[in-house]
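Residue-level listing of the chains:
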Amino acid sequence: LELAARELAARLGQLPADRWRVEPYPLTGERRNTVLIIGETGVFVISATYAPGHWDDVTAVNRLARKIERLLPGYSGRVQPAICHPFTAVRPRIWHRPDEHGDWVGAWLVGGDSVIEWLGHFGAEPGLNPTDLARFDQLTKPNWLKGAIPTPASWPPIGEAASPDCQE
């Protein structure tokens, strides 16, 4: 899977950097062979694997796309889930199957030869413009001055605490 993910990343390297962002391994508790792509035609989650893949790949990548959707409350489009076989020539198509609850879910199946063309076929309607991408860049930079885990204020406040050698 690591080789498939690297090959997919190499193919996605063809996307113009001023109009696309590729984030490997979105931190949502899913597989490490997954890539989040945002750009001028929308938001995508692609899971890299080998042909023929596994039937559960459809539900796993669809579940991840729905998680990403919930993290984008103002986004008007649909996060598109896909499975990519980067070493295989595959004409894009959608696979459907029932999930663990019996609900039908779907994911695109694309090949390494068609992934760039597939990303472009969605049109600009649900896409992100350069201002959106600049905001994304700003939000994804670490802020070392902000605590990672919020903590309650200390009591008494540090500045007003008595010194340790005080006789009070």
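Computed from a predicted structure; not experimentally measured.

> Is there a simple way to explain a nonpolar patch on the surface in this structure?
Together, Leu1, Leu3, Tyr50 and Phe87 make up an exposed nonpolar region whose accessible area comes to about 410 Å². Mapping Leu1 onto the fold places it in the segment before helix H1 (2-12). Its relative accessible area of 52% is what places Leu1 among the exposed residues.

> Hey, could you run me through the layout of surface pockets in this one?
Sizing a probe to match a water molecule and rolling it over the atoms shows the empty space that remains. Taken as a whole, the largest pocket holds about 630 Å³ of empty space. Together, 20 residues line the largest pocket, and Leu36, Ile38, Leu72, Phe136 and Thr140 are the ones closest to its centre. For the lining of the largest pocket, the element with the highest residue contribution is helix H4 (residues 130-140), accounting for 5 residues.

> Hey, could you run me through H1 in this one?
Each full turn of the α-helix corresponds to 3.6 residues, which orients residues three or four apart in the same direction. Considered for burial, the residues of H1 that qualify are Ala4, Ala5, Leu8 and Leu12. Seen end-on, H1 carries its buried residues on one side only, within an arc spanning 100°. The outward face of H1, more than 90 degrees from its buried face, is lined by the exposed residues Glu2, Arg6 and Ala10. Buried residues along H1 sit against strand S1 (20-24), strand S2 (34-39), strand S3 (42-48), strand S4 (80-85) and helix H3 (115-120).

> Sorry, what's going on with the side chain of Ser47 here?
By secondary structure assignment, the location of Ser47 is in strand S3. According to the relative accessible area criterion, Ser47 is buried, its value standing at 3%. Every residue in contact with Ser47, bar those within four places of it in the chain, is listed here: Asn33, Thr34, Val61, Ala82, Ile83 and Cys84.

What counts, and where the lines are drawn
Residues numbered from 1 in each chain as written. Predicted model: local features only at pLDDT ≥ 70, side-chain atom pairs only at ≥ 80, totals over all residues. Heavy atoms only, no water. Patch = residues over 30% accessible without salt bridge, like charges linked within 9 Å, V, L, I, M, F, W, Y side chains within 5 Å. Areas by Shrake-Rupley, 256 points an atom, 1.4 Å probe, with all protein chains shown as cover. Salt bridge = Lys/Arg side-chain N within 4 Å of Asp/Glu carboxyl O. Helix = DSSP H or I, 4+ residues; strand = E, 2+ residues; numbered from the N terminus. Buried < 20%, exposed > 50% of the residue type's maximum accessible area, 1.4 Å probe, protein only. 1 Å grid on protein atoms, 1.4 Å probe; cavity = no way out; pocket = protein on both sides within 12 Å on 5 of 7 lines; lining within 4 Å. Points joined across faces, edges and corners; volume = space filled by probe spheres on them. Arc of directions from axis to C-beta. Contact = heavy atoms within 4.5 Å.

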